[in-house]
Structure formats: structure tokens, C-alpha cells
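Close look at the chain arrangement
Here is how the chains run, residue by residue.
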Amino acid sequence: MGFLDTILGRSKPVRPDLDRLFALPSAAVTLQAGAGFTPTGLGSVCFASVEGGAFQRLQQDVRALLDADTGRGGVPVEFRQDGYGYTWLLARQEEGQEGTPALVNDLHAVNTLLQEGGFGPQLLCSLLGFRDAESRPLALVYLYKRGTFYPFAPLPGGGERRDNALELRVRALLGDDLRIEEDLSRWFPVWGAPGL
């Protein structure tokens, strides 16, 4: 960063650090102990679709990698398109703390394959789903371009409303486990995201 960038208030964007995803299993333990939310065994990666054969081959490679255990009883991954035209890959593992490390490995592998395939700019976010005893949903969302996490807690019962108090409580609870996004305006809602 040069002198002129400093004067004009420009800064270099944070480089994505996919290894931060590996902090999610310990954050899941903290979240369960502190707030009663357990992992659902569902996680997803969101990316902007790109037309072309190279991207289609990469999607096939991702599917082949994550579906490798379907012969041993694993659940195949799903690709879904949302109302905004983004593609979501939904991965499944065992519910609870036991399946969280394997699910995080799957999410990391998908992000890495897309990044190494030259499609890093298309990556938007990854999320890990949770529920409490009252079946309230919660997701820990990783913003690829910021290298940060934030909680997203839609209110049950439909509609597009959030439980802001719960999100702030989770932020305080996980501050030592994850790099939490400080700019609350970047806590984007991911309504209807697979895995939530």
C-alpha cells in the first residue's frame, strides 16, 4: 500500500483465509455450551454461477469429491439455485458435534477447489447450520471476500425477520473462537439458504 493510498483512505482488501473455517468445530462446542445450539449436520457454499465448460467440469469435480462416500452410506451433495441466481452447494454429515469436523472439511474442499480453479471471485459465503431445543435456526456464515464470520438467526414462522438480539449474543459468545465481522452492515441475510 502506497503513501497516496493511505492519504485517500484506500486499503487493500483482506485476502481470504480458508483455513479459518477450521475454527468452526471449536466454535460449535462453545455455541452449544453457551447458548444450547447444536450443529444440524448441514452446511453450504454459495457462489455466483459462471457459464462455460471449465466451470461445469469444476462442478462435476466438486460433486465427485464430496459424493465419494455415497457408496458407504454417505448422502450426495445437492446443487440449488436461489431466487437471485446464485448457486448453493448443500453438504450433509452426521448431526451434532461428531459430524462437524467432516462437514467443515467438505466446505473447505469446495472453497479450495473453486479458488484453485480460478473461480475465487465467484465465491460469496459458506454457512454451517444450527438448531436449539426450541428448533430455532441459526447459521454461522463465513464471508469469503472478508475472511470473517457472522451469525444469522432468522425468526421461525416464515417471513423475513431476524432475531437481532440472538445474533448479538452469539457474536459476544464466539468472539474468542472466530474472527467476527465488525461491520454489522455486512451481516447480510441469507433467507432460505440451504443448510439453514
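Residues numbered from 1 in each chain as written. Predicted model: local features only at pLDDT ≥ 70, side-chain atom pairs only at ≥ 80, totals over all residues. Heavy atoms only, no water.

**Considering the nonpolar core**
Core analysis: the biggest nonpolar cluster contains 48 residues, and L31 and V190 have the highest contact counts within it. What V190 contacts, discounting residues up to four positions off in sequence, is W88, C125, L127, V141, Y150, F152 and L196. (Core = buried A, V, L, I, M, F, W, Y, C linked by side-chain atoms within 4.5 Å. Buried < 20%, exposed > 50% of the residue type's maximum accessible area, 1.4 Å probe, protein only. Contact = heavy atoms within 4.5 Å.)

**Observations regarding the pairing of strand 1 (residues 38-48)**
Each regular strand shows side chains that alternate between the opposite faces of the sheet. Counting buried positions over the 11 residues of strand 1 gives 8, a clear majority of the element. Two strands pair when backbone bridges link them, and strand 1 and strand 4 (residues 123-131) are joined in this way by 7 bridges, in the antiparallel orientation. Each residue of the ladder has a partner; that of C46, found in strand 4, is C125. In the sheet, strand 1 pairs with strand 3 (residues 86-92) via 7 bridges, with the strands oriented antiparallel. (Helix = DSSP H or I, 4+ residues; strand = E, 2+ residues; numbered from the N terminus. Pairing = 2+ DSSP bridges.)

**Description of unusual backbone geometry**
Of note in this structure, S135 is not a glycine but carries a positive phi near 65°. Note that S135 resides in the loop between strand 4 and strand 5 (137-143). By relative accessible area, which is 47% here, S135 ends up partly exposed.

**Details of the pattern of salt bridges**
Tallying each qualifying case throughout the model produces 9 salt bridges. A salt bridge links E78 to R80; the nearest nitrogen and oxygen atoms lie 2.9 Å apart. The closest approach of N and O atoms between R136 and D132, which form a salt bridge, is 2.6 Å. Since its relative accessible area comes to 11%, D132 is described here as buried. (Salt bridge = Lys/Arg side-chain N within 4 Å of Asp/Glu carboxyl O.)

Spatial relationships are all this shows, so hold off on functional conclusions.
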